[in-house]
Each structure stands twice: as structure tokens, then as C-alpha cells.
Amino acid sequence: MAFVEFLLGETMIRFFAAPIAAMALLLAGAGTASAAGMIDFTGTSSTGYLGSGASPVPRSTVMYPTNYAPGTVVVNTTERRLYLVLGGGQALRYGIGVGRDGFRWGGVHRITAKKEWPDWTPPSQMLARRPDLPRHMKGGIENPLGARAMYLGSTLYRIHGSNEPETIGQAVSSGCFRMTNEDVADLYGRVSVGTTVVVLNN
């Protein structure tokens, strides 16, 4: 009797699981189509859609006593956090992804350029390590630089967006600092070319 009940229960699970799975696939497809429709051929969003999930490290205003002037960006690679100094002992804190072992660095630079939906041309050093990478990629929702990029001095490094929110708070990059598209767009609107960026690598 117990065996019959088990078979009936398993049949019922299968009976209900099939339409549920079909509905999930239908909704996923609709979401993809909707997202694709929001992006034009240049990768520029006409509706503000940034194509990224929420950061696992929520953006927040925190106490941050420092001698750095308001408007300074401080990147702490050990904490895997980026701070925009607000003054009054406070800062806006963002979660970031940093360079993996052997690719972390420190120094002081300025933002020398800002770009929305930037193109990506992997540097020769990266291509030597990853010859499978494209030689050039137009800006857009699939681009590894994400929705915004801020270029740091004469270095190869940037603060940029990412479509992989799960990597925020991780050491995964080749030296750049990645943020969710939502967070990088927020920071992008608050800083200008010439902003000082202090990278701490203790």
C-alpha cells in the first residue's frame, strides 16, 4: 500500500512539475526578449536598463574619518570596497571586484576619461594569457566593461561595470575594479574627469 502511495505521489509531482517548468521557461524567454528590446545597436540604453542584478554588497553611506578631500575615490583592495569621500566623516561605500592574486596593485591616479557603454579592446598582455579573447568588442550589454567605465591615468586599469554581480566582493579581475552596472552608473554620475583615485593595497 505504501509503495502504491509513493508511486501516486511521484506521478502527481511529475504532473504538476511539467507545466511549472514550461511556465518558467516561457517567463525566462520573455525576460530575455524584453531586455534585448531595450538596447539599441550601439549598446546604449534608451530606457535606463543596465542589464545587471543587484550587488551582493549594497551601496550605503558609512562613517569614514579621513584626511582625503571630499570627492576623492578610495579603493581598498583588501576590503574589496570603494569609497567616495563625502566629507563630514562620511563616505558612500560600494562593493567591488578586485584583481586576483598577482594582479592587485596600489597607487594614486586621476580619472582621465569617462565612457558610457564603452568598447573593449583587450591589451596585448591579456591576449597573451587569453588568446581566445576577441580583439575588439563594441560596447553593449554583453561587453565585459558593462555600462560605464572610468579610466585611471595612463594605466591599463579602469573602474567599470559588470554583468556578473556575483563577482562583486571577489578577487577575479586582471587589475581593474568592477562594480554592478547600477553602482557604476551611480558613481559615474558623481565623479568627473580629474577626480583623484587612491588605490590602497595593504
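Residues numbered from 1 in each chain as written. Predicted model: local features only at pLDDT ≥ 70, side-chain atom pairs only at ≥ 80, totals over all residues. Heavy atoms only, no water.

1. What about the overall build of the chain?
Here's step 1: Helices and strands together make up the secondary structure of the chain, namely three helices and 11 strands.
Here's step 2: Shown N-terminal to C-terminal, the secondary structure of the chain runs as helices and strands in the order α-β-β-β-β-β-β-α-β-β-β-β-α-β.
Here's step 3: For the chain, buried positions account for 38% of its 202 residues. (Helix = DSSP H or I, 4+ residues; strand = E, 2+ residues; numbered from the N terminus. Buried < 20%, exposed > 50% of the residue type's maximum accessible area, 1.4 Å probe, protein only.)

2. Observations concerning helix H3 (residues 181-190)
Here's step 1: Regarding H3, the residues found buried are Asn181, Asp183, Val184, Asp186, Leu187 and Tyr188.
Here's step 2: Along its buried surface, H3 packs onto strand E2 (73-76), strand E3 (81-87), strand E4 (90-95), strand E6 (107-116), strand E7 (148-152) and strand E8 (158-160). (Contact = heavy atoms within 4.5 Å.)

3. A look at the UniProt feature "active site" (unreviewed entry) in the chain
Here's step 1: Per the UniProt record, the feature "active site" (unreviewed entry) sits at His160 and Cys176. Maximum C-alpha separation among the annotated residues is 7.5 Å over a sequence range of 17 residues, consistent with a single clustered spot.
Here's step 2: As for its placement among the helices and strands, His160 is situated in strand E8.
Here's step 3: Judged by its relative accessible area of 5%, His160 falls in the buried class. (UniProt positions renumbered as here; feature names shortened; annotations may be inferred.)

4. Side note on unusual backbone geometry
Here's step 1: At Arg80, a residue that is not glycine, the phi angle is positive and equals roughly 60°.
Here's step 2: Along the polypeptide, Arg80 turns up in the loop between E2 and E3.

5. Re the pattern of salt bridges
Here's step 1: Scanning the model with the defined rule gives six salt bridges in all.
Here's step 2: A salt bridge links Glu164 to Arg178, with the shortest nitrogen-to-oxygen separation between them at 3.2 Å. Of this pair, Glu164 sits in the loop between E8 and strand E9 (171-173) while Arg178 sits in strand E10 (residues 177-178), and the two are 14 residues apart along the sequence.
Here's step 3: On the basis of relative accessible area, Glu164 is assigned to the partly exposed category, the value being 39%.
Here's step 4: Arg190 is the salt-bridge partner of Asp186, the closest N and O atoms lying 2.8 Å from each other. Taken as a pair, Asp186 and Arg190 lie in helix H3 at a separation of four residues, close to a single helical turn.
Here's step 5: By relative accessible area, which is 19% here, Asp186 ends up buried.
Here's step 6: For Arg190, a relative accessible area of 49% translates into the label partly exposed. (Salt bridge = Lys/Arg side-chain N within 4 Å of Asp/Glu carboxyl O.)

6. Considerations on the sheet that holds E7
Here's step 1: Ordered in space as E1-E4-E3-E2-E11-E6-E7-E8-E10, the nine strands form an open sheet in which the pairing is mixed. Pairing within the sheet leaves two strands with one partner each, and these edge strands are strand E1 (60-63) and E10.
Here's step 2: Two elements, E7 and E8, share three bridges in a ladder whose sense is antiparallel. Bridge assignment links Tyr151 to a residue of E8, and that residue is Arg158.
Here's step 3: The strands that H3 touches are E2, E3, E4, E6, E7 and E8; relative to E7, the one it contacts most, it runs at about 55°. (Pairing = 2+ DSSP bridges. Axes fitted to C-alpha atoms, helices over the stretch in contact; angles between N-to-C directions.)

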